[in-house]
Amino acid sequence: MTMEIRAHLACRNYPQIGLSVVYDLQYKQFHMFEGVSSDIWQHLQQGKTVEQIVERIACEYDFALDDRSIHSITNDITDFIATLELRGLLQSHQGDRNRCQTNTDHELAWVDTDLESTAYDRMADSKILYSATWEITQQCNLSCVHCYCPPVTKSMWNPGAFDSVAKQLSAMGAINIEITGGECLAHPDITHFMRSLSDYGFVIGILSNGTLINKTMAKSIASVLPRSVQISLYSNDETVHDAVTGVPGSFRRTISGIRNLVDVGVIARIACSVTTLNYRSVPALYDWCKREGLDVQFAFRIIPSWNKDRSTEQLRCSDIDYVKSLMQDERYNGLISAVRGRKHKPKWNPSKLCQAGFRNICIASNGDVYPCNTLRYKVGNVFDSSLQSIWNESKQLEHWRNISISDYDECSRCEAQWICKPCPASHYTETGRLDCVDQHTCELGWFNHMLLKGCK
């Protein structure tokens, strides 16, 4: 019996940790195989038959080659293949395709916990580059009052350089790529970039304001089967939204973009930063999103901008009583349902601040590399060094990785750190130092702790 891997899958293998991950781009499902299951999956990718796989597994795991052992291995592998077929990952060209009874008691059992979060932890433990945020341009057609991005320059990626770095990312094992900006869809080569990432087998996310998504762009986005398209929408009131973006008419164009995505089968995810300008709009925007069948996430943390012409700190509103009432409502504060539903995971590594720089990076429009897009602590530049050498040899990245929660005296003693996830990004933006967490982040962390400590 010969098998064929389905075409709508993004796959990466990590033999150094005995792991394979597979993302079904069509059905938005994540799969993970460990140990012998990973080995079998890789043999299937190479086009081996069941008989060839049985022989390879027997040799690799030093199994006896008597008839009884061969029969047992064959049954296990055949059961595993039936499971792959049942889950839409594999198509066999002969044999009993209706067979789907699986053996969940042996080594080939599926991992059935929070798979993707588990994969994140495994990658961070082993310092495997798994995800990247890619700022392909600083150009933007809006002027949002709370934007943290640096002042706009003409730096942007060209197709040749982009393809070269995409190839490096793929070779290093990265699978998740988020395209952002500025406004990423303003880049004249955005269609090429999306297609290039698709051809290299990445899972693609897009962060956009939605104003440039006409029907043609919507079709281009749909063609690469993106995992998500996040659209910034700050109110369902046109006047309020346009006040935040600084551009009259932006609300109507964003709504049109969302509709165009829906028409081609792409469901947008709405992101709303909550500021002094739009906090009264939060309940109505939530209700609108639910009526439209859209997920929405509200962000109450407003970070300082790298553009010193913007004073984003004055837009913070988390100390307003009305906003505090919103933050106590699970419709608007996703942490509440996560904690109460036991879906809020403990920290990956209690001694570390986060996984930035351990499994993911940010690549800026000028080639600079940061641990993440908000912590713009430069660890290298892809036009000066290969991404591989930056990841493995950067002294700056090593310094960041060596920072521990114990280096932050107040945080290390704070009982809110289980939910706070202390982040020095805002403090670094303001001071150029990594030695502290800003007061705004602390206050929000403490608020959530006091709200949810009874649910721990």
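Structure: see above.
Being a predicted model, the structure only gives us computed values, none of them experimental. (Residues numbered from 1 in each chain as written. Predicted model: local features only at pLDDT ≥ 70, side-chain atom pairs only at ≥ 80, totals over all residues. Heavy atoms only, no water.)

Participant: Any chance you could explain the sheet that holds strand 2 (residues 9-14) here in plain terms?
Facilitator: Pairing between the strands of a sheet is mediated by backbone hydrogen bonds and can be parallel or antiparallel. Across the sheet, three strands lie side by side as 2-3-4; this open sheet has antiparallel pairing. Each edge of the sheet is formed by a strand with only one pairing partner; in this case those strands are strand 2 and strand 4 (29-34). Shown here is a sheet whose adjacent strand axes are inclined to one another by a mean of 15°, direction ignored. (Pairing = 2+ DSSP bridges. Helix = DSSP H or I, 4+ residues; strand = E, 2+ residues; numbered from the N terminus. Axes fitted to C-alpha atoms, helices over the stretch in contact; angles between N-to-C directions.)

Participant: Help me understand the pattern of salt bridges in this model?
Facilitator: Side-chain pairing between opposite charges can occur once the charged atoms of the two side chains come close. In this structure the tally under the stated criterion is 12 salt bridges. Among the salt bridges present, the one from R227 reaches E116, with a minimum N-O distance of 2.5 Å. With R227 in the loop between helix 7 (215-223) and strand 9 (228-232) and E116 in helix 4 (residues 115-126), the pair connects residues that are 111 residues apart, well separated along the chain. Given a relative accessible area of 31%, R227 falls into the partly exposed group. On the basis of relative accessible area, E116 is assigned to the buried category, the value being 12%. Among the salt bridges present, the one from K290 reaches D295, with a minimum N-O distance of 4.0 Å. Here D295 falls in the exposed class, since its relative accessible area comes to 51%. (Salt bridge = Lys/Arg side-chain N within 4 Å of Asp/Glu carboxyl O. Buried < 20%, exposed > 50% of the residue type's maximum accessible area, 1.4 Å probe, protein only.)

Participant: In this structure, what is going on with the sheet that holds strand 12 (residues 360-363)? I would like to understand it.
Facilitator: The nine strands lie next to each other as 11-10-9-8-7-6-12-13-14, forming an open sheet whose pairing is mixed. Each having just a single partner strand, strand 11 (295-299) and strand 14 (380-381) make up the two edges of the open sheet. The pairing of strand 7 (residues 176-180) with strand 8 (residues 203-208) spans four bridges and is parallel. Pairing of E178 across the sheet is with G205, part of strand 8. Its contacts with the sheet put helix 5 (residues 159-172) on strand 6 (131-135), strand 7 and strand 12, and the angle it makes with strand 6 is roughly 170°. (Contact = heavy atoms within 4.5 Å.)

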